[in-house]
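Below, each chain spelled out in residue letters.
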Amino acid sequence: MRALRRDLRNGDNFPELLQELRELFATPKPNQAVRALPGAGLNIPIWLLGSSGFSAQLAGHLGLPFAFAGHFMPENTLPALDIYRRSFQPSEVLDRPYTMVGVPVLAADTDAEAQHLSTTEYINVLRLIRNQLAPLSPPVDTVEGLANPFEQAAIESKRAAAILGSRETVRRKLDAFLDETQADELIITSNPYEHAARLRSYEIVAEVARQAARETEQNQLTAVK
């Protein structure tokens, strides 16, 4: 932390640290004393990931791609994306805004199975609210009565963007999410208890993405004809 000159009390110097990082990844200048090896000259793509409007505005001003952590701050997703797009200035990196948004997705073979598996994340969020950190718990038959009204409201807020369900349900809800956010890319998070269920969830999402890509390509071909 000291070597990076990071002040843990605030982030006021973040723009300066970002600029320094970008310079280290750029082509070295004559007599440049400090060089990043092997990063110097590679022009490694830099995204700003944020959960508020600060990084959104900075990414816009610098013309950088912006990723929003909607998987744990869903209520700020649309406002942050709006700030980014309104403040965007074309740069040598991008000529238009380019966004990525995080969204929790739990896909299963049926809607009922996805709802059952999601109780693990419900309990996990409840523990975070209570500051009771612990490993993931197996899914339960019901979460009724586990949380008080205040905790229930907080859980619903944190999980407002969560997409649960079968292949068809996930496809429909992801389409709606993309229509609402106009995101160019998505960060998919999935946290069921069993590793096999997690792999199955990502497998279904991948199948949905491939199907959507095929349909888009077919529509484009039809439009050309």
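Reading the values: the criteria
Residue indices begin from 1 for each chain and proceed along its sequence in written order. For a predicted model such as this one, the threshold for reporting local features is a pLDDT of at least 70, and the threshold for listing and counting side-chain atom pairs is 80 or more; totals across whole chains, interfaces and linings nevertheless cover every residue. Hydrogens and water are ignored here; the side-chain numbers use all heavy atoms of the structure. Put simply, a nonpolar core is a bunch of buried Ala, Val, Leu, Ile, Met, Phe, Trp, Tyr and Cys residues held in one set by side-chain atoms that sit within 4.5 Å of each other. Burial classes: relative accessible area under 20% of the type maximum marks a residue as buried, over 50% as exposed, and values in between as partly exposed (1.4 Å probe, protein chains only). Secondary structure elements follow DSSP: runs of H or I of four or more residues count as helices, runs of E of two or more count as strands, with numbering from the N terminus. What makes two residues a contact is simply this: any of their non-hydrogen atoms within 4.5 Å. Note on pairing: DSSP must find at least two bridges between two strands before they are called paired. Helix span is expected to be 1.5 Å times the residue number reduced by one. The salt bridge criterion pairs a side-chain nitrogen of Lys or Arg with a carboxyl oxygen of Asp or Glu, the two atoms within 4 Å.

Participant: Provide a residue-level description of the nonpolar core, including the pertinent values.
Facilitator: Counting residues in each nonpolar core, the largest one holds 27 residues, and the members touching the most others are Leu18, Leu48, Phe66, Tyr84, Val105, Ile163 and Val170. Breaking this core down by element, the ones donating at least two residues are helix H2 (53–62), strand E2 (66–68), helix H3 (77–87), strand E3 (99–107), helix H7 (167–181) and helix H8 (195–224). For isoleucine 163, the contacting residues outside a window of four places in its chain are Val103, Pro104, Val105, Leu106, Val170, Lys173, Leu174 and Phe177.

Participant: Please give an account of the side chain of arginine 22 that cites residues and values.
Facilitator: With respect to the helices and strands, the residue arginine 22 is situated in helix H1 (residues 14–25). Here arginine 22 is in contact with Ile46, Leu62, Leu64, Glu92 and Val93, once residues within four sequence places are set aside.

Participant: I'd like to hear about the environment of alanine 40, residue by residue, with values.
Facilitator: Within the element layout of this structure, alanine 40 appears in the loop between H1 and strand E1 (48–50). For the pair alanine 40 and leucine 81, spaced 41 residues apart in the sequence, the C-alpha separation amounts to 31 Å. Look past the residues within four positions of alanine 40 in its chain and what remains in contact with it is Leu24, Phe25, Ala26 and Pro28.

Participant: I'd love a proper account of the pairing of E3, names of residues and values included.
Facilitator: Put simply, side chains in a regular strand alternate between the two faces of the sheet. The element E3 is largely enclosed, with a buried count of 9 among its 9 residues. Alternating residues of E3 divide into Thr99, Val101, Val103, Val105 and Ala107 and Met100, Gly102, Pro104 and Leu106, and every residue in both groups is buried. Strand direction decides the pairing type here: E2 and E3, joined by 3 bridges, are parallel. Pairing of phenylalanine 66 across the sheet is with threonine 99, part of E3.

Participant: An account of H8 is requested, with residue identities and associated values reported.
Facilitator: Over its 30 residues, H8 runs 44 Å from end to end, which matches the ideal 44 Å to within 8%, given 1.5 Å per residue. Those residues of H8 not exposed but buried are Ala197, Ser201, Ile204, Val205 and Val208.

Participant: I'd like a description of unusual backbone geometry, backed by residues and values.
Facilitator: With omega at 5°, the peptide bond leading from leucine 37 into proline 38 counts as cis. Secondary-structure assignment places proline 38 in the loop between H1 and E1. Its identity as a non-glycine residue notwithstanding, asparagine 31 has a phi of 65°, on the positive side. Here asparagine 31 shows up in the loop between H1 and E1. Although it is not a glycine, asparagine 131 sits at a positive phi angle of roughly 60°. Relative to the helices and strands, asparagine 131 resides in the loop between helix H5 (119–129) and helix H6 (149–158). Of the residues examined, asparagine 131 reaches a relative accessible area of 64% and is grouped as exposed.

Participant: Explain H5 residue by residue, including any values.
Facilitator: For H5, the set of buried residues is Thr119, Thr120, Tyr122, Ile123, Asn124, Val125 and Leu126. In this structure, the buried side of H5 is in contact with helix H4 (111–117) and H6.

Participant: Go over the pattern of salt bridges, please, and point to the residues and values.
Facilitator: Taken as a whole, this structure holds 9 salt bridges when the rule is applied. Note that arginine 130 is salt-bridged to glutamate 151, the shortest N-O span being 2.8 Å. With a gap of 21 residues between them, arginine 130 in the loop between H5 and H6 and glutamate 151 in helix H6 connect regions that are remote in the sequence. Owing to a relative accessible area of 9%, glutamate 151 belongs among the buried residues under this scheme. A salt bridge links arginine 200 to glutamate 203; the nearest nitrogen and oxygen atoms lie 2.4 Å apart. Of this pair, arginine 200 and glutamate 203 both sit in helix H8, separated by 3 residues, roughly a single helical turn. Assessed through its relative accessible area of 25%, arginine 200 is described here as partly exposed.

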